[in-house]
Structure formats: C-alpha cells, structure tokens
Amino acid sequence: TQLALDSAVAAVPWFEQYFDIAFKLPKLDLVAIPDYASGATEHWGVITFRETSLLLDPDTASASNRQRVVTVITHEMAHMWTGNLVTMRWWNDLWLNEGFASFLETRCADAIQPHWDMLSQSYVLDNVRALGKDALPSAHPLQQPAENGNDIRELFDTTTYSKGAAVLNMFADALGEDVFRTRLSAYLAQYQFQTATTEQLLLSLADSDPNVYRQLGTWAYQPGFPLLLVERSTGGKMRVTQKPYALVGAAEAEAGQSDRCWWVPLRVATAAGEVEVELDCDRMWAELPLPAGEWAKVNFGQATFARVQYSDELALALAQHLSATQDMPAIDRAGVLNDALTLLEDSMMPFGPSFSLLSALEGEIDYVVWRASLSSVSSISALLAAQPCYGEYRRFVQKLVAPAEEYLGWAAPDEAAPDVSEHAHTEALLRSLITSTAVSFGVQRAVDTALEKFGTMVSGSSPVPGDVRSAVLLAAAMYGDEQEFRALVSYLLSPAVQQDQAEQARVIAVLGRTPLHYLQLETLRMCANEQYVRGQDRDTCIGSVARNHLGRDLAWNHVREHWEEVNHRGFALINLISAVTRNFADELHANDVQSFFASHPPEGGERAAEEAVIRIRRNSQWLRMNGEEACAFVGSS
C-alpha cells in the first residue's frame, strides 16, 4: 500500500541521520506472505511481513491497522542497523536486537507521523506491558542465558522487546538524547559487520565511565524493577525510597529480591516546579521540599521504569489535583492511574481509593490515559465475572464509558478535510477503544448502534468506518443469536473479507464471544480448520473463546485435547498458554494447569507455563483479599 511504501522511503534516511551511518545495501525489498506466523522478519535486504503488517484496504482499515503498518516497518528497518549491521554475539543478548528495534520504531514513527503521539503511546505499548511481566517471580533479566532452542524461543517475549525498549528510553532520557545518540552511533560504528555484547553496549553508552557502566548494569543484569514509596517526611519535606517490587504473598520472590537495587533517575513535579533526583544502591532514598497540603508527581514524564506508591495523604492531594485540572501532561495522568490500578491488581492498594481515581476520566479525551486505565478495568472484570456483583460492576463501567462513547460517536472524521484535527489519529484510536468497551460492558445505546450497523455492513448497503468495525462485530457475537453468528461466519468467508486479512482478524477475534455454548464449541472446531482460519490466526481464534467467561474451560480443554499439535506452534505457543489460562482465578484451575504442564512440557514455553500458574494463584488471592470490598464499592457507586 502507499502508506507502507511512503513509510519505508521516509524511514531509511531517518535512520541514516539518527545513526550517522548510511544504509549499506543497494536495495531493500518488502514482501508480504499470505500465512506467516511472525509479524515480520528482518532479513538483511529483504523484509518479510504478515499481510496485515504491510497491506491495507483503505475502505476498512482502522487507525490501529495504519499504525501497525508504520511501526512494524520502522521496527524492521531499525534492525538493518541494530541486528544486521551489528548482531548480538549470542542469543542471551537478544534484547540488543529486539529491545533496540522496539525503542527505535517509536522514535522513527513519531518523526514520520508527528501527530500520532507515538512517544506518549510508548508508555502503554512498552512500559505498562513490561512492568506487568517483570513483576512476576519468574521474571528474567534482559541478558539471559540461552543454551538450547527452547531457551531461545522463550526469549522472544515482552521483557526482551518492551522492557528493552523502556530501559533504553530511560537511558536516553537520563543521559540526554544527544549524548545517547552520539554514543550509540559510536557503538554501531565500532562493531559494524561484527557481533557485540551487552557489556560492550553499556561501556559505549557509559563512555567507559565505570560508575555509569555500573548504574546502567543494574537494569541489564538483574530482573525486576523498583517500587518508589513516596511519603511525608519532617520539616516540610517528602521522602522517595526505592525497594524491589514484589507481589503480595510471593515469599520466595520477596526473599530473592531483598538485596536488589537500581540506579533510578527521576523527575519530580510539584506546584513549585520540576526537579531531578537520582537514587542508587548507595543512596536508596532522597528527600525533597514539599509544603504541607501540596501535591507531588513522582516519575514526571514516566521515563523511569518503575511504579510509584504514595502515602494516603499524598495520594489524596494528587487525586484532588487531577480532578481539579488537566494541566498535567497526559502521559503523567496515565501513569498515576495505571500505577494505582496495578497496585490494586497486585493487592497492594485498597479497591476503593484505586477505583475512586477513575473519576478523573470524566471529560478525559486522551487515548493514552484511557488505555492505561481500561486495561486494569478489563482485567478486574475477568476476575469478577463469576461473582454475584458482576452485574453491578458492569453497570459501574457503563457509567464510566457511556459519556465518552456519546461524545466520540461512531462516525469517522474526514482526514482529508482541511479543518481536520491534528489529533484525528489518536481520536480514532480512542473511538475504537471506547466503542468496543461500551459494547463489551453492555452500554445499551452502543449495543443498539452496533447491531444496526452490523446489518448494513454484512449486506454491503452502507460502509462502516474501520475504527468501529471491531465494536460492530463484537456486538453481533455477544448480543446476537445463532442467526447473527451464521452471518458472521458467512461474512468471514465472503470473497471481499478473504482478500482483507485485517478484517478477517477482526471477525476471528470476536467469534468466540457468543454466549451460546454449542456455538463456542463450533468456533473452536473452526479454529482448527484452515478453511475458516489460517494457521497464523489460530491462537487469536482460540483466545476469543478464552476471553468469554462462559468459554474459558472450553478453550483450555481444547488446547489440552490438541496438545500434540499446538505444542509445535513455536513462538505462538507462549501467547496461547497465556490466553487460555490468564483469567482462571481458583486453586482448582491452578493445580489443574500445573499438573498438565508437568506431564506435558511445552516446547519453548516452560516459563509461560510457570507464569500461568503464578497468575492464576495471584487471581485467586486477589478475590480472597479484595472480592468483598470490590462488590461493596460497585454496589454503592
């Protein structure tokens, strides 16, 4: 498509200028493959793509589809320098390839599409994802031993990609963009056409300063991250202290992490302005001026890979400031909400104070803020789905998102119009997120609108904007009967959709959301039949049933029954294990999953299996510790 071509043409000179190193080959081909397990692969001189990562139908493409094309291209282009020109010496340093490409894809995409707010989006695309995985007792460092094929496959994970990107972003912020870029360019020039190691990269970024090398090394050679405790001190001051982030009840993890510490470069904002401070293994805390009654925002700019927990007094002052004004940058509003909600998910903060912060979303129109918040709202929904108060929880979320759904509407603005907002892209992303959430939680106006549009969409009588197509299809699956399900399947098999893999993926992602048991079973049979679902989309199909709280056990049983086949899924196996187990929340399922994987070891998915059991037990613990309070809160809201 033209977007892909234009992006590739713009990316090459951007990387040449960024690295101050010319692209070394006479040509670069971009090739789309119809059924491709990977999103893309960075062969030097020829990049291969899944069709959805390169080709777009302008009539059905969403803002998310367009963004994916641009960011996958910029990710793979980055590999032409970090991965191909300089290659990691061995797989234990895979993050040198993938972390760098993930870090650079955002910066290059931001230059190509300056109104897409990619630098703020990187907070939810990288930091939030990586913090969730890195909090688990099974977390691994960026540099991780890899002795066989299974070890190598397991390294293609969120830590390698997203934590790698987040840590590099923190380094660039702390060292200064110009210094970071100059030293990175020197590293690539020194090791071009060779292999390199983490040690060599860090020495280059530290400019051979042993103290800076040691500081950077605290992030590369150990897993985890710091929890920053913020509390009132004496004499009109506040204190910020670092400690290892450890899940409540994870005694082994707490014991293993007790001596961990990090170099923590921080920016702190107060009503008086912004200050910079550093914590380190030799300085675990710092004090800063803060008059009584004033608010403080720690990790201002969200560049530091950490979570922040405020004392009750300071949390209240910050919440009041957020409710009174939106002059705080969106990425910081997102950080406050995501930290509080994640601390709730990890049973480190009470339900009421955390969910009360969601009142700050009233009038909020920033995509990053909503996405950072709704990820936890959806996770907690999955845990409460079998509880007596689930209806009240759904009504709570309906009241939260309904005003935004009404404000945004279902019509896409004409991006070619001369008066279109420079925020049209992120507004489109938000429209997609809000309409899908509104449909999922049963906002009646949204459901009615979506079902009406579904009829015109499948008949072809009226076009439906790409950004709301997922919500329209979801409504048909969740609130329709067998007739709507058959219409979905017929639509999936129609010639037009068979030529549009992005639209296929949207349909496949919702098929399993039907409330009808026998249609959930039929969906799972279609997942295994390539007449309906390509091999590359099989995991998405099974996951659609697993996301349905009525179909979780069906999806898990399907994977067990087809284990010999799915156990050879390679990289996709890790995501599949997570998809079919992550919403279980009782010891019975924890023991069942643990027993199954003990007798059926996953090939390249051992850590994913371990994490599955950890997550289920964490979910079960959360319900025991927070279930009653959660039900009481939503019942009174």
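Structural data are supplied above this passage.
Counting restarts for each chain, with residues numbered from 1 along the sequence as it is written. Where totals are concerned, whole chains, interfaces and linings use all residues; where local detail is concerned, this predicted model gives features only for residues with pLDDT of at least 70, and gives and counts side-chain atom pairs only at 80 or more. Neither water nor hydrogens contribute to the side-chain values; these are computed over all heavy atoms in the structure.

S.K.: So what exactly am I meant to see when it comes to the packing of aromatic side chains here?
M.R.: Working definition: an aromatic ring pair is given by the centre-to-centre distance plus the angle between the planes. Ring pairs shown here join Phe, Tyr and Trp side chains whose ring centres sit within 6.5 Å, with only the six-membered ring taken for Trp; geometry is labelled stacked below 30 degrees between planes, edge-to-face above 60, and tilted in between. Taken as a whole, this structure holds 29 aromatic pairs when the rule is applied. Plain terms: the ring middles of Trp219 and Phe305 are 6.2 Å apart, the flat faces sit at 80° to each other, and that makes the pair edge-to-face. Residue Trp219 is found in helix α9 (residues 210-220), and its partner Phe305 is found in the loop between β11 (296-298) and β12 (307-310); the two are separated by 86 residues along the sequence. Judged on exposure class, the residue Trp219 and its partner Phe305 are both buried. Feature note: the residues Phe351, Phe355, Tyr393, Phe396, Phe441, Trp622 and Phe633 constitute an aromatic cluster, connected by ring pairs. As a reminder, the over-ring test applies to NZ of lysine and CZ of arginine, requiring each to be within 6 Å of the ring centre and within 35 degrees of the ring normal. Residue placement shows Arg239 over the ring face of Trp285; its charged tip is 3.7 Å from the ring centre. Every helix listed is a DSSP run of H or I at least four residues long, and every strand listed is a run of E at least two residues long, numbered separately from the N terminus. With a 1.4 Å probe rolled over the protein chains alone, any residue whose accessible area is under 20% of its type maximum counts as buried; one over 50% counts as exposed, and the rest are partly exposed.

S.K.: For this particular structure, what's the right way to read the state of the cysteines?
M.R.: Simply put, the disulfide is a covalent bond whose two ends are the sulfur atoms of two cysteines. By definition, disulfides here are pairs of cysteine sulfur atoms that lie within 2.5 Å. For the structure on display, the rule yields three disulfides. With a sulfur-sulfur separation of 2.0 Å, Cys261 is cross-linked through a disulfide to Cys281. An S-S torsion of about 105° defines the bridge between Cys261 and Cys281 as right-handed. On the criterion of sequence distance, the pair formed by Cys261 in the loop between α10 (251-257) and β8 (264-270) and Cys281 in the loop between β9 (273-279) and β10 (285-289) is long-range, its members being 20 residues apart. The exposure class assigned to Cys261 is buried, which follows from its relative accessible area of 14%. Overall, the relative accessible area of 27% leaves Cys281 in the partly exposed class. Two residues share a disulfide in this structure: Cys527 and Cys541, whose sulfurs sit 2.0 Å from each other. Here Cys527 and Cys541 share a disulfide; its torsion about the S-S bond, -80°, makes the bridge left-handed. Of this pair, Cys527 sits in helix α22 (residues 517-527) while Cys541 sits in helix α23 (residues 538-546), placing them 14 residues apart in sequence.

S.K.: I keep staring at the sheet that holds β12 and nothing clicks. Help me out?
M.R.: Strand pairing in a sheet relies on backbone hydrogen bonds. The paired strands run either parallel or antiparallel. Taken together, four strands build an open sheet; the order of strands is β10-β7-β6-β12 and the sheet is mixed. Strands at the two margins of the open sheet, each flanked by one partner only, are β10 and β12. Geometrically, the sheet is characterised by an average inter-axis angle of 25° between neighbouring strands, direction not taken into account. When DSSP locates at least two bridges between a pair of strands, those strands are taken to pair. Bridging between strand β7 (residues 237-244) and β10 involves five bridges; their strand directions are antiparallel. The residue bridging Met238 from the neighbouring strand is Leu288, located in β10. Where helices are involved, their axes are fitted lines through C-alpha atoms of the stretch in contact, as for all axes, and angles between N-to-C directions lie from 0 to 180°.

S.K.: Any chance you could explain the pairing of β7 here in plain terms?
M.R.: It is a general feature of regular strands that their side chains alternate between the two faces of the sheet. Bridge count between strand β6 (residues 226-232) and β7: seven bridges; the pairing is antiparallel. Considered in β7, the bridge of Arg232 is made with Met238. Here β6 hands over to β7 after four residues, with Gly235 in that stretch at a positive phi of 70°.

S.K.: Please explain the sheet that holds strand β2 (residues 40-41) as it appears in this structure.
M.R.: Read across the sheet, three strands follow the order β1-β3-β2 without closing on themselves; strand pairing throughout is mixed. Sheet topology places β1 (29-33) and β2 at the edges, where each strand pairs with a single neighbour. Note: β2 against strand β3 (residues 46-50), two bridges, orientation antiparallel. Bridged to Thr41 within β3 is Thr48.

S.K.: Whenever I open this one, the packing of helix α2 (residues 63-79) against helix α16 (residues 424-440) confuses me. Can you help?
M.R.: Two numbers describe a pair of packed helices, the interaxial angle and the distance between the axes. Viewed as axis vectors pointing N to C, α2 and α16 meet at an angle of 120°, and their least axial separation amounts to 8 Å. When the interaxial angle is binned, α2 and α16 end up oblique. Of the residues in α16, those touching α2 at Ala63, Ser64 and Gln67 are His425, Ala428 and Leu429. When grouped by side-chain class, the residues that make up the contact of α2 with α16 number three nonpolar, three polar and no charged. Just so you know how the angles are binned, under 35 degrees is roughly parallel, over 145 roughly antiparallel, 65 to 115 roughly perpendicular, and the rest oblique. Any two residues whose heavy atoms approach within 4.5 Å are treated as being in contact. Following the grouping adopted for this structure description, the nonpolar residues are Ala, Val, Leu, Ile, Met, Phe, Trp, Tyr, Cys and Pro, the charged ones are Asp, Glu, Lys and Arg, and the polar ones are all others, Gly among them.

S.K.: What is the right way to read helix α18 (residues 469-479) from this model?
M.R.: For an α-helix, 3.6 residues make a turn, and residues three or four places apart therefore share a direction. Counting buried positions along α18 gives nine out of 11 residues, so the element sits mostly inside the fold. Within α18 the residues assigned to the buried category are Arg469, Ala471, Val472, Leu473, Leu474, Ala475, Ala476, Ala477 and Met478. Where α18 is buried, its residues meet α16, α17 (444-459), α19 (482-493) and α21 (501-511).

S.K.: Please explain the environment of Arg283 as it appears in this structure.
M.R.: Secondary-structure assignment places Arg283 in the loop between β9 and β10. Each polar contact in these results corresponds to two N or O atoms within 3.5 Å; when the atoms are within protein, one needs to be able to donate a hydrogen and the other to accept it, and residues that are neighboring in sequence are counted only if both atoms are side-chain atoms. From its side chain, Arg283 meets the backbone oxygen of Glu278 in a polar contact 3.3 Å long.

S.K.: Which parts of the structure should I look at to understand the pairing of β12?
M.R.: Alternating residues of β12 divide into Arg307 and Gln309 and Val308 and Tyr310, and every residue in both groups is buried. For β6 and β12, the ladder comprises four bridges, and the chain directions are parallel. Within the sheet, the bridge partner assigned to Leu227 lies in β12 and is Arg307.

S.K.: Help me understand unusual backbone geometry in this model?
M.R.: A negative phi angle characterises most non-glycine residues, just as the trans form characterises most peptide bonds. A positive phi angle, near 70°, is found at Asn299, a position not held by glycine. Looking at where Asn299 falls in the secondary structure, it is placed in the loop between β11 and β12. If you check the backbone angles, Ser347 has positive phi at about 60° while not being a glycine.

S.K.: Just checking my understanding: could you explain the packing of helix α15 (residues 390-408) against helix α28 (residues 606-636) for this structure?
M.R.: Direction vectors running N to C along α15 and α28 enclose 55°, while the axes themselves pass 9 Å from each other. Considering the angle they form, α15 stands oblique to α28. The interaxial crossing formed by α15 with α28 has left-handed handedness. For the pair α15 and α28, contact is made by Glu392, Tyr393 and Phe396 and by Cys631, Phe633, Val634 and Gly635, respectively. Residue composition of the contact of α15 with α28, grouped by class: five nonpolar, one polar and one charged. Definitions for this section: a left-handed crossing has its near helix turned counterclockwise from the far helix by less than a right angle. A right-handed crossing has that turn clockwise.

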